[in-house]
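Observations on the model geometry
Spelled out from the first residue to the last, the chains are:
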Amino acid sequence: MKSLMKMIRQFGESLITLVVSIILFLFNAVKFIVSLPARLVGYIREFLADTDSVLKESLIALSICAVGDLCAGIILGNMEFFLQTYPGLMVIIPGAIGMRGNIFGSFGSRLSTHLHIGTISPEFKRSDLLDENITASIILTMVLSVLLGAIAKVICIIFNFPSISLFDFVLISFIAGLISTVIMLPITMFISLKSFEGGWDPDNITTPFIAAVGDFFTLPAIILSVLIVNLIGFDPIVKMILFAIIILITLVSLISGYTSDNEVRHIVRQSTPVLFFCSILGTVAGGILNNSLSTLLKNQTLLTLVPLFSGESGGLVSILGARLSSGLHSGLIDPVLRPKKHTMENFIAIVTLAIVMYPLIGFLAESSTIAFNNIGVGYLQSILISLVAGMILILVMLLVVFYISTISYRRGLDPDNIVIPLSTSLTDSISTLILIVVSLGLLSFI
């Protein structure tokens, strides 16, 4: 009887303890739920306080860049004559656009890092470090222009695309590269140095501005180079001699860069393999576009959206890459393989910017199509295509950029030479594929 009473008492105590625990759990749960809005507001305020300048500066830069990308989109949307007259030309376009952003985006990122750590003055004064960065950028432009032309021809052969000759590809790519370089070098230096001097963070504005300027000037440069090559094409001997001279100058420049005893050697040796791989990715993206050319020409909004989508995606990714690179150099970010607070804040900032920018460029693409009396897909479809494709892309690229930055830094490589060209080239190729797939998928359902 006593043992029975003891068991009943123990059961009662256990039951009371359980009830009290459940009540306390429910009380704490209700308390947490009630406090959640206040906590959320607090987190948002803290996030905005930490990233206010990033969001403001980047949003302004990306918005202005959207105008440049829109101009590039309008040009591409009205290049039907050139794309049909010079078969295979579409293959080289994404690679050429990406190459400008890669070379001069990296140049701007290096300037930003040097400005942050004080090794370059924001004043327009010559210095050995600045001269070496300029020289390296010119060498990389020549080398990558030749390689891009050759790779474009190989892609056309592999996929059996009708195309112009190897001579034409290389000449067009090289001449367009030189034209763009004359424009891009001073603009990149002006944006980097003056933004820092004015109290802005170049990491937030330099790379998207440079990408947009590259997008805007690359297509006219390609058109001009096509006209120049067509002008000298009356004599095949002249074309062959010019081709041989270009190859010789490029080889001499590359050897000079590899054997120099200053910063040029460091930049050229680290950047050339990465940019070569990026050129392959760019021409693959061009191959995807070339294969879908008939669909794009029937839907001018999609053709206009290609540079807009690629440019804004590259801008977002390059902002993240530049900020992570500067953070690693300055010690704000630890080179560990798990994103921590400062990295997560950058992730959230990029996603926030993406949610704003992708619907905007979808709206701009459709509006420009209507303005030029071309065939559109509708505002809802254009905005939805841009937003869905953009969010898929950006969520993938956040981790890609983070791991490229961290691993390259851990291995003793300069992220400024690796992250932006590699990540933006991956963005160009992946963005093209995602945009085409999402476009075809949504248009078949809507």
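Reading the values: rules and limits
Residues numbered from 1 in each chain as written. Predicted model: local features only at pLDDT ≥ 70, side-chain atom pairs only at ≥ 80, totals over all residues. Heavy atoms only, no water. 1 Å grid on protein atoms, 1.4 Å probe; cavity = no way out; pocket = protein on both sides within 12 Å on 5 of 7 lines; lining within 4 Å. Points joined across faces, edges and corners; volume = space filled by probe spheres on them. Helix = DSSP H or I, 4+ residues; strand = E, 2+ residues; numbered from the N terminus. Nonpolar A, V, L, I, M, F, W, Y, C, P; charged D, E, K, R; others polar. Axes fitted to C-alpha atoms, helices over the stretch in contact; angles between N-to-C directions. Parallel < 35°, antiparallel > 145°, perpendicular 65-115°, else oblique. Left-handed = near helix turned anticlockwise from the far one by under 90°. Salt bridge = Lys/Arg side-chain N within 4 Å of Asp/Glu carboxyl O. Buried < 20%, exposed > 50% of the residue type's maximum accessible area, 1.4 Å probe, protein only. Phe/Tyr/Trp six-rings, centres within 6.5 Å; stacked < 30°, edge-to-face > 60°.

Under the criterion given, the structure shown has 7 cavities of 30 Å³ or more. A volume near 110 Å³ is recorded for the second largest cavity. Lining the second largest cavity are 13 residues, with Pro94, Ile97, Val306, Pro307 and Ser310 sitting closest to its centre. The set of elements that each furnish at least two residues to the lining of the second largest cavity consists of helix H3 (89-117), helix H8 (263-291), helix H10 (300-330) and helix H13 (415-445). Sorting elements by how many residues they give to the lining of the second largest cavity places H10 first, with 4 residues. Counted by class, the lining of the second largest cavity contains 8 nonpolar, 3 polar and 2 charged residues.

To continue, consider the packing of H10 against helix H11 (residues 341-371). At a minimum axis separation of 9 Å, H10 and H11 run at an interaxial angle of 160°. With respect to each other, H10 and H11 are oriented roughly antiparallel. As for how H10 packs across H11, the hand of that crossing is right-handed. Looking at side-chain class alone, the contact of H10 with H11 contains 16 nonpolar, 9 polar and 3 charged residues.

Attention now goes to the packing of H3 against helix H4 (residues 128-158). Two quantities define a packed helix pair, namely the angle between the helix axes and the distance between the axes. Two elements in contact, H3 and H4, have axes separated by 10 Å at closest approach and are oriented at 160°. Here H3 lies roughly antiparallel to H4, going by the angle between them. Seen from above, H3 lies across H4 with right-handed handedness. Here the contact of H3 with H4 is composed, by residue class, of 17 nonpolar, 7 polar and 1 charged.

Throughout the structure, instances matching the rule amount to 1 salt bridge. When the shortest N-O distance is used, the salt bridge between Lys239 and Asp168 registers 2.8 Å. Separated by 71 residues along the polypeptide, Lys239 in helix H7 (residues 236-259) and Asp168 in helix H5 (residues 166-197) bring together distant segments of the chain. Both residues of the pair, Lys239 and Asp168, belong to the buried class.

On to the packing of aromatic side chains. This model, assessed by the stated rule, comprises 6 aromatic pairs. With a centroid separation of 5.4 Å and an interplanar angle of 40°, the aromatic rings of Phe309 and Tyr358 are classed as tilted. One end of the pair, Phe309, is in helix H10; the other, Tyr358, is in helix H11, and 49 residues separate them in sequence. On the accessibility criterion, Tyr358 (0% relative accessible area) is buried. Through pairs of rings, three or more aromatic residues link up here, namely Phe347, Phe402 and Tyr403.

Just geometry here; none of it tells us what the structure is for.
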